[in-house]
Structures are given as C-alpha cells and as structure tokens.
Amino acid sequence: KQEVTQIPAALSVPEGENLVLNCSFTDSAIYNLQWFRQDPGKGLTSLLLIQSSQREQTSGRLNASLDKSSGRSTLYIAASQPGDSATYLCAVGYPQKLVFGQGTRLTINP
Amino acid sequence: EADIYQTPRYLVIGTGKKITLECSQTMGHDKMYWYQQDPGMELHLIHYSYGVNSTEKGDLSSESTVSRIRTEHFPLTLESARPSHTSQYLCASSRREGLQETQYFGPGTRLLVL
C-alpha cells in the first residue's frame, strides 16, 4: 500500500528560525514529489515539485530534497516569517495519482 | 496563478437534499480531479477525468457522481446528502508539460450536512 507520512504533525517556532519538515513514503517507485501549502479555508498552493531523477529544488527561502532510495523528502524553510504559518502537505506522484500526507501545521510566532 | 474556481465555498444543507458542487477551470487542462479532505486528515482522491466524457472513481469510495461534458467543467453531485458527507471537497486540474505535471487546486467547498 502506498502511504505518505509527515512528521511532525504540528510545529510552533519563533520568527527567524530555520526549520525542517519531514515526509516519508513507503513505495519508492515515484514519478515526482510535491510540497503544497494550505491556508485555512483555502485550496492548495504548489510550492516545489521534484522529479524522481532530481535530488533537490529551491525557491526563495524554501529548499526541498528527495532521497528516493530511502523514501524520504524534507522541506527546509530558512528565516521563517509569520506569513509562513500554514499547513504544509507532501504529495507523492505515482502513475495516475497523487498520494498525500496528513500535513504539518506550522505556526511562526512573532 | 491558477484559474480554477469552485462554488459554493461553503454549504450547509439538510439531510436528503440533492447538491451539486461546481468546479471550473480556464486553463484548458484535460485532467481534472476531486479530492475529499476531512479536518486534519490527508486528501483522498474520489473522482478523476482525463477529458470530455471520461470519468473514473478514485481510491476512496464515494457516493457522489461526476460528469465531464465540457473540458472546463467538472461538477460533483450528491443525490441525497447525509451527515457522513460533511467534509471539504477540493477540485484540481492538470496538464502534462514535458516531464512535469503539476496539479492546480481550487479553493475548496466546505460542506456541512445537518
């Protein structure tokens, strides 16, 4: 069964800190892996997409890594800001579908 | 910015009513999807479509039905709503561009069945 697990389920840190969100998946035969952001009452916004042949992707203060052999991905957020507060979802792309984790609810305290 | 819309955004309705959740996209994407998300839980695919007149059931069994008569519309219908249908419903669309395929999500519809 294809499962995606995100740890921690919730994280609260002071503004300015660097932080890492973790995602693990059971089936390593992936096409790609995406990190999404979900704000309360809103849809999902794609942050980064990593192809299965890639090791990492960067966008601004965000860096996502992928280790397909060990079934892990991390999302690194540098110099966190209160506006980064949201739920971050990891989604693993397989043929014909995306499998989502339960998300990490991130709170950045001013 | 993705152009995918869902209406209504919020719906409170009584048991037994028929409801249709609308989803439309203006990007010309062939593929569209419906996900169900309970609070604090992961998204589960309930329906998808690869084009006009194509609909398939997803991983999570759902009593809802969908139709794809036009490329830009992918409505979801519940013939008789029940409290167990209370959830958030997210619509998405995608198009493959080379090796990449990114799903774009609508804002979601929060459904409460009393």
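An account of the accompanying structure is given in this report. (Residues numbered from 1 in each chain as written. Chains lettered and ligands numbered in written order. Predicted model: local features only at pLDDT ≥ 70, side-chain atom pairs only at ≥ 80, totals over all residues. Heavy atoms only, no water.)

1. Here we look at the overall build of chain A
- On a plain count of helices and strands, chain A comes out with 0 helices and 11 strands.
- Start at the N end of chain A and walk to the C end: the helices and strands fall as β-β-β-β-β-β-β-β-β-β-β.
- In terms of overall size, chain A behaves like a compact globule, its C-alpha atoms giving a radius of gyration of 13 Å where 110 residues would be expected to give roughly 13 Å.
- Its C-alpha atoms put chain A at 40 × 25 × 20 Å along the principal axes.
- Here chain A has roughly 5,100 Å² of accessible surface; of this, 47% comes from carbon and sulfur atoms.
- With 9 positive and 8 negative side-chain charges, chain A shows a separation of 6 Å between the mean positions of the two kinds. (Helix = DSSP H or I, 4+ residues; strand = E, 2+ residues; numbered from the N terminus. Rg over C-alpha atoms; globule rule 2.2 N^0.38 Å. Areas by Shrake-Rupley, 256 points an atom, 1.4 Å probe, with all protein chains shown as cover. Lys, Arg positive; Asp, Glu negative; His and termini not counted. Charge placed at Lys NZ, Arg CZ, Asp CG, Glu CD.)

2. Describing the interface of chain A and chain B
- Listed by partner, the interface residues are 19 residues for chain A and 22 residues for chain B.
- Carbon and sulfur atoms supply 47% of the area that chain A and chain B bury against each other, a total of about 1,700 Å² over both sides.
- At the junction of chain A with chain B, the criterion picks out 1 salt bridge.
- Between A:Lys97 and B:Asp59 there is a salt bridge, with the nearest N and O atoms lying 3.7 Å from each other.
- Our enumeration of links across chain A and chain B arrives at 3 residue pairs in polar contact (both at pLDDT 80 or more).
- Those elements that provide at least two residues to the side of chain A that touches chain B are strand E4 (32-38), strand E5 (44-51) and strand E10 (97-100) of chain A.
- Partitioning the side of chain A that touches chain B into residue classes produces 7 nonpolar, 10 polar and 2 charged. (Contact = heavy atoms within 4.5 Å. Buried area = accessible area lost by both parts, 1.4 Å probe. Salt bridge = Lys/Arg side-chain N within 4 Å of Asp/Glu carboxyl O. Polar contact = N/O pair within 3.5 Å; in protein donor to acceptor, adjacent residues only side chain to side chain. Nonpolar A, V, L, I, M, F, W, Y, C, P; charged D, E, K, R; others polar.)

3. Describing the pairing of E5(A)
All names here are of chain A.
- As judged from the 7 bridges shared by E4 and E5, these two strands associate in the antiparallel manner. Within E5, the position partnered with Leu33 by the bridge is Ile50.
- Following E4, the chain reverses through 5 residues before pairing antiparallel with E5; Gly41 in that reversal takes a positive phi of roughly 75 degrees. (Pairing = 2+ DSSP bridges.)

4. Considering the nonpolar core
- Ranked by internal contacts, the top residues of the largest apolar core, which has 24 residues, are A:Phe25, A:Leu33, A:Trp35, A:Leu75 and A:Val92.
- Of all elements in the fold, only strand E3 (19-25), E4, E5, strand E7 (62-67), strand E8 (72-77), strand E9 (86-94) and strand E11 (104-109) of chain A reach the threshold of two or more residues within this core.
- Here the element with the most residues in this core is E9(A); it accounts for 5 residues.
- Aside from chain neighbours lying at most four places away, what touches A:Phe25 is A:Glu3, A:Val4, A:Ile30, A:Leu33, A:Leu66, A:Asp67, A:Lys68, A:Gly71, A:Arg72, A:Ser73, A:Val92 and A:Tyr94.
- If you look at the next biggest cluster of nonpolar residues, it comprises 18 residues, including B:Leu21, B:Met27, B:Trp34 and B:Phe74. (Core = buried A, V, L, I, M, F, W, Y, C linked by side-chain atoms within 4.5 Å. Buried < 20%, exposed > 50% of the residue type's maximum accessible area, 1.4 Å probe, protein only.)

5. So, the sheet that holds E3(A)
Residues and elements named next belong to chain A.
- Strand order in the open sheet made by the 5 strands is E1-E3-E8-E7-E6, with antiparallel pairing throughout. Edge positions in the sheet fall to strand E1 (4-7) and strand E6 (56-59), since each has one partner strand and no second. Taking each pair of neighbouring strands and ignoring which way they run, the sheet shows an average axis angle of 15 degrees. (Axes fitted to C-alpha atoms, helices over the stretch in contact; angles between N-to-C directions.)

6. Considerations on the pairing of strand E11 (residues 109-113) of chain B
All names here are of chain B.
- Along E11, the buried face is formed by Thr109, Leu111 and Val113; none of Arg110 and Leu112, which line the opposite face, is buried.
- With 4 bridges joining them, strand E2 (residues 10-13) and E11 adopt parallel strand pairing. Bridge assignment links Tyr10 to a residue of E11, and that residue is Arg110.

7. Remarks on unusual backbone geometry
- In this structure, A:Pro8 follows A:Ile7 across a cis peptide bond, with omega equal to 0 degrees.
- Here A:Pro8 shows up in the loop between E1 and strand E2 (10-14).
- The linkage connecting B:Thr7 with the following residue, B:Pro8, adopts the cis geometry, with an omega of -5 degrees.
- By the secondary structure assignment, B:Pro8 is in the loop between strand E1 (4-7) and E2.
- Not every positive phi belongs to a glycine, and A:Ala79 is a case in point at roughly 45 degrees.
- Summarising the element assignment, A:Ala79 is placed in the loop between E8 and E9.
- Although it is not a glycine, B:Asn53 sits at a positive phi angle of roughly 65 degrees.

8. Things to note about the sheet that holds strand E7 (residues 65-66) of chain B
All names here are of chain B.
- An order of E1-E3-E8-E7 is seen for the 4 strands of this open sheet, with the pairing classed as antiparallel. Edge positions in the sheet fall to E1 and E7, since each of these pairs with one other strand and no more.
- Relative to strand E3 (residues 19-25), E1 runs antiparallel, the two being bridged by 4 bridges. Bridged to Ile4 within E3 is Gln25.

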